[in-house]
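Residue-level structural notes
Residue-level listing of the chains:
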Amino acid sequence: MNRILSFILCLLAFSGVAKAQDNVADEVIWLVGDEAVLRSDVEIYRLRAQLYNQRIPGDPYCYIPEQIAVQKLYLHQAKLDSVSVSESEVMRYVDYDINSMINDYGSQEKLEEYRGKPLSAIRDELRRSTREQLMIRQVQQSIVKSMKVTPADVRTFYDRIPKDSLPFIPTTVEVEIVTQEPTIELSEIDEVKRRLREFSEQVTTGQREFSTLARLYSECGSAKVGGELGFTGKAALEPEFAEVAFELNDPSKISRIVETENGFHIIQLIEKRGDRINVRHILLRPKVGEAELNETIARADSIRDFIQKGEFTFEYAASHISHDKDTRNNKGLMVNKPSDRYSERSGTSRFEMEELPPEIGKVVANLAVGEVSKPFSMLNSKNREVIAIVRLKSRTMGHKANISDDYLTLKAMVEDEKREKILDAWLQNKIKDTYIRINDNWKNCDFQIKGWLGE
């Protein structure tokens, strides 16, 4: 039952994207306490599911209203428990969703046109749904907070599960890295600054729009939306960038040139709202010359030779010579940060091959355990070209899950199972204590949860 709301919450996360259907003949189909579930609610979610290719298990006119009813049960409990969610936390999620949608559609204007309402209304819509999601999450966490999974539980689970039902664990690797950054000529930096000053002058004198220049020349992903970053707080920005951006008060003024780890920027204020700001920026990155790149390759090659001759260890090179800040304090060992923050590998050193940066994955595929690669070029986390050498620390071939190698994976499965049982039991008790009425035409369903019809 831990995934009972996954369908509804997924759609709520994108509630600003699909248009509601105004022509649906409405009626109350469920009552959950004093909360009504309308036929139009079901139609909206059904159409959104089609839009996002979200699979609906079984009859949508059974599954969707049940999911909405479950949501209302959790929200009712949130009110009883006086669950509160900070506005800053809500807006952090809302800002992210709004910025993602603007990025998807190409501009704020296109998003507003598609939704048929101004951005302020879309933001309010998202604020309500996001607050509800966070409240539901808090209630669920409170219900399962005493849940514990012991090694004995994992062993029992492993012994009872049919061996052909055990998950297949893909090949994983552990990789250590040392990087060297090429030196950039001062003349190249001066040229980048000259171009940015030229852009500032063109905007200030009215020759060009800042957003147009950003689309044409900025080397940031925000270029396709005119350099706009969307509403963000200081903590979400690089310190040097935030310091200058939050000093801006006049949208007609362009900031001084700002240097960050990403490159050089100029910034234009769009709007301030309390401790959040929306700005445009243009990013230019100085280019590495061929001579400097070759010199860095030679330097990395020398480091590799010293390691292979035993003059110092890979760990020493990673800690004292490498320019890679993300791994320097970890003796070069890379840490997995998959897009799924709930992945059992999140925060560990194990990677599936496709989770590695492409340049590293291509090299690692041909390495033996303990082997150090030849130098190769790649982009680091700041999109700067660096020269790297890597060492394959370990490789665990794909296999059926077993208790010794895959304890964390099996533990996550046990946690899911226990959480589902606890939430299922809680929901059934909550249903018994809540007035539920279902329209006769909507009762002929194989519901996922027992008790809706008083059985």
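Residues numbered from 1 in each chain as written. Predicted model: local features only at pLDDT ≥ 70, side-chain atom pairs only at ≥ 80, totals over all residues. Heavy atoms only, no water.

**Quick notes on the layout of surface pockets**
To keep it simple, the criterion reads: In this analysis, the protein atoms alone were mapped onto a 1 Å grid. Cavities are point sets where a 1.4 Å probe fits without being able to get out; pockets are open sets with protein on both sides within 12 Å along at least five of seven lines; lining residues have an atom within 4 Å of a point. Grid points are joined across faces, edges and corners, and a volume is the space filled by probe spheres set on the points. Secondary structure elements are taken from DSSP: a helix is a run of H or I of four residues or more, a strand is a run of E of two residues or more, and numbering for both begins at the N terminus. Three residue categories are used. Nonpolar comprises Ala, Val, Leu, Ile, Met, Phe, Trp, Tyr, Cys and Pro, charged comprises Asp, Glu, Lys and Arg, and polar comprises the others, including Gly.
Empty space within the second largest pocket amounts to approximately 1,000 Å³. Around the second largest pocket sit 35 residues that line it, and Asn-99, Leu-229, Thr-232, Ala-236 and Leu-237 are the ones nearest its centre. For the lining of the second largest pocket, the secondary-structure elements that each account for two or more residues are helix 4 (87-105) and strand 7 (276-284). Here the element with the most residues in the lining of the second largest pocket is helix 4; it accounts for ten residues. Taken together, the residues that form the lining of the second largest pocket break down as twelve nonpolar, 13 polar and ten charged.

**With respect to the nonpolar core**
Applied cut-off: In this text, buried Ala, Val, Leu, Ile, Met, Phe, Trp, Tyr and Cys residues form a nonpolar core when linked through side-chain atoms within 4.5 Å. Summary of the burial criterion: residues with accessible area below 20% of their type's maximum are buried, those above 50% are exposed, and those between are partly exposed, where the area comes from a 1.4 Å probe applied to protein chains only.
Within the largest apolar cluster, 48 residues are counted, with the highest numbers of intra-cluster contacts made by Trp-30, Tyr-74, Ile-98, Ile-143, Leu-427, Ile-438 and Trp-452. Among the elements of the structure, strand 1 (28-32), helix 2 (39-51), helix 3 (60-80), helix 4, helix 6 (119-143), helix 15 (407-432) and strand 12 (436-438) are those that each provide at least two residues to this core. Residue contributions to this core peak at ten residues, all from helix 3. Of all hydrophobic cores here, the second largest spans 15 residues; its members include Val-173, Val-175, Phe-351 and Val-386.

**Some points on the pattern of salt bridges**
Here is the rule: By definition here, a salt bridge exists when the distance from a side-chain nitrogen of Lys or Arg to a carboxyl oxygen of Asp or Glu is within 4 Å.
Here the structure, examined in full by the defined rule, presents 22 salt bridges. Taking the shortest distance from any N to any O, the salt bridge between Glu-176 and Arg-391 comes out at 2.7 Å. Taken together, the residues span a long stretch of sequence, with Glu-176 in strand 4 (residues 172-180) and Arg-391 in strand 10 (residues 385-396) at a distance of 215 residues. Relative accessible area serves as the criterion here: at 17%, Arg-391 is assigned to the buried category. A salt bridge links Glu-219 to Lys-287; its shortest N-O distance comes to 3.2 Å.

**Section: the confidence of the model for the protein chain**
The condition is simple: The predictor reports its confidence for every residue as pLDDT, a score running from 0 up to 100. Any two residues having at least one pair of non-hydrogen atoms within 4.5 Å are treated as being in contact.
For the protein chain, mean pLDDT is 88; residues scoring 70 or higher make up 92% of the total. Across residues 1-24 the pLDDT falls below 50, and counting only partners more than four positions away or on other chains, this stretch makes 76 contacts in the model.

**Examining the sheet that holds strand 12**
This is how it is decided: Strands are treated as partners if at least two bridges between them are detected by DSSP. Axis definition: a line fit to C-alpha positions, over the contact stretch in the case of helices; interaxial angles, taken between N-to-C directions, run 0 to 180 degrees.
Across the sheet, three strands lie side by side as 2-1-12; this open sheet has antiparallel pairing. Each edge of the open sheet is held by one strand with a lone partner, namely strand 2 (35-38) and strand 12. For this sheet, the mean inter-axis angle between neighbouring strands, taken without regard to orientation, is 20°. Sheet analysis places strand 1 next to strand 12, joined by three bridges and oriented antiparallel. For Leu-31, the partnering residue across the bridge sits in strand 12 and is Arg-437. Its contacts with the sheet put helix 3 on strand 1 and strand 2, and the angle it makes with strand 1 is roughly 30°.

**Re the packing of aromatic side chains**
Worth spelling out the cut-off: Geometry of aromatic contacts follows a simple scheme: Phe, Tyr and Trp rings, the Trp one being its six-membered ring, pair when their centres are within 6.5 Å, and the pair is stacked under 30 degrees between planes, edge-to-face over 60, tilted otherwise. A positively charged side chain is recorded as over a ring if its NZ (Lys) or CZ (Arg) lies within 6 Å of the ring centre. The angle to the ring normal must also be within 35 degrees.
Taken as a whole and assessed by the stated rule, the structure comprises seven aromatic pairs. On the numbers, 5.0 Å between centres and 75° between planes, the contact of Trp-30 with Trp-452 is edge-to-face. Placement of the pair is Trp-30 in strand 1 and Trp-452 in the segment after strand 12, with a sequence separation of 422 residues. Taking relative accessible area as the criterion, Trp-452 reaches 3% and is therefore assigned buried. A centroid spacing of 5.1 Å and a plane angle of 20° characterise the contact between Phe-199 and Tyr-217, whose relative ring orientation is stacked. Placement of the pair is Phe-199 in helix 8 (residues 186-204) and Tyr-217 in helix 9 (residues 210-217), with a sequence separation of 18 residues. Among the aromatic residues, those joined into a ring-pair cluster are Trp-30, Phe-447 and Trp-452. Note that Lys-163 overlies the ring of Tyr-158, its terminal NZ or CZ placed 4.8 Å from the centroid.

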